[in-house]
Amino acid sequence: MGSEDTPKLPVINFTDLKLEAKDPNWEAVKSQVHRALVEFGCFEAVFDRVPLELRKAILGSLQELFDLPLQTKLLNVSKKLFHGYVGQYPMVPLFESMGIDDAVVYEEVESLTNTMWPNGNPNFSKTIQSFSEELAELDQIIRKMVLESLGVEKYLEEHMNSTNYLLRVMKYQGPQTSDTKLGLSAHTDKNIVTILYQNEVEGLEVLTKDGTWISYKPSPHSFVVMIGDSFNAWANGRLHSPFHRVMMSGNETRYSAGLFSIPKGGSIIKAPEELVDEEHPLLFKPFDHMEFLKYYYTEKGQRDQFALLTYCGV
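Worth saying up front: this structure is predicted, and the values here are computed from it rather than measured. (Residues numbered from 1 in each chain as written. Predicted model: local features only at pLDDT ≥ 70, side-chain atom pairs only at ≥ 80, totals over all residues. Heavy atoms only, no water.)

Asks: Before we move on, could you go through the sheet that holds strand β2 (residues 42-46) and cite the residues and values that matter?
Replies: Read across the sheet, seven strands follow the order β1-β2-β9-β6-β11-β4-β3 without closing on themselves; strand pairing throughout is mixed. On the outer flanks of this sheet lie β1 (11-13) and β3 (95-101), each paired with one strand and no other. Adjacent strand axes in the sheet meet at a mean angle of 25°, parallel and antiparallel pairs treated alike. Each of β1, β2 and β9 (222-227) is contacted by helix α1 (residues 26-39), which is oriented at about 155° to β1, the strand it contacts most. Contacts from helix α2 (residues 52-66) reach β3, β4 (163-172), β6 (193-198), β9 and β11 (254-263), with the element oriented near 100° to β11. (Pairing = 2+ DSSP bridges. Helix = DSSP H or I, 4+ residues; strand = E, 2+ residues; numbered from the N terminus. Axes fitted to C-alpha atoms, helices over the stretch in contact; angles between N-to-C directions. Contact = heavy atoms within 4.5 Å.)

Next up, the structure:
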């Protein structure tokens, strides 16, 4: 297969688009978003609201954070499953990750910052919060476009209010070999929407519907947007939640930051009645996202490739 035949993620330009003001390009971009999320479940987004200086700063902040001693990083704890420090796993020895809950709220970020740096680190707090706030705008634009495309925009306010944001920051150590090693196992995200930014070290791969792995070639100017299982369930299967993984080679470290829109505890994921008909029978019973995660993080759930279907499939 020649390189010109190698599939690539769709690229969609959100330059100058704003949530609060209808743009002449809104309908055209909305059509591209809907098509990409049905066919691939993800796309590459060009979004100029995040200045290049802030993008550079976020990558510097990630390196600063992960360079802290392990005993300090272990102080990143959360009552929510897998929202705190994750690492030291024999199955994925190259991977470690930390979570920053409600990362769009400065005081919440500062609370974590002061745990990591008892003398404070205001530059880190400001970088994390500003970056998350800008990406939250992109998340809301995309979700509004999806609901409009599905003809259920009347649920927009309820849909937006049912989620909050987690910034998950990740480090993948280069394996120090030209052989390809597993950075993170193939999985689907369980949330609503994931928006990922990373340095220019390759590794992310996305599985197409026909079983082809697409390698993402990162750019400092773009983000990867991906649909999670919960949004696909809410849309009654009309979107696609793609499997993806990280495969590493070489010596360079891969840093990435993902903003996850996540259903709030107690909120029920239920497909609107307008999206259920003879052609699209109901696929999932209504479910509490946090209760589903309790199943997903059991030994059985971790072995279950289609955990949501097992948990609440019709």
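On we go from here.
Asks: Kindly report on the nonpolar core, identifying the contributing residues and their values.
Replies: Counting residues in hydrophobic clusters, the biggest one holds 76 residues, and the most contacted among them are Phe14, Val33, Phe43, Phe131, Ile142, Leu167 and Phe231. For this core, the element with the most residues is helix α5 (residues 122-150), which contributes twelve residues. The residues contacting phenylalanine 43, other than those within four sequence positions of it, are Leu9, Pro10, Ile12, Phe14, Val33, Ala36, Leu37, Ile142, Phe223, Val224 and Val225. Grouped together as the second largest cluster of nonpolar side chains are 20 residues, Leu184, Val201, Leu204 and Met248 included. (Core = buried A, V, L, I, M, F, W, Y, C linked by side-chain atoms within 4.5 Å. Buried < 20%, exposed > 50% of the residue type's maximum accessible area, 1.4 Å probe, protein only.)

Asks: Requested: an account of the sheet that holds strand β7 (residues 204-207), with residues and values cited.
Replies: Strand order in the open sheet formed by four strands is β5-β10-β7-β8, with antiparallel pairing between adjacent strands. One side of each edge strand has no neighbouring strand; the edge strands of this open sheet are β5 (177-187) and β8 (213-215). The mean inter-strand angle of the sheet, taken between neighbouring strand axes irrespective of direction, is 30°. Relative to strand β10 (residues 244-250), β7 runs antiparallel, the two being bridged by three bridges. Looking across to β10, one finds that valine 206 is bridged to histidine 244.

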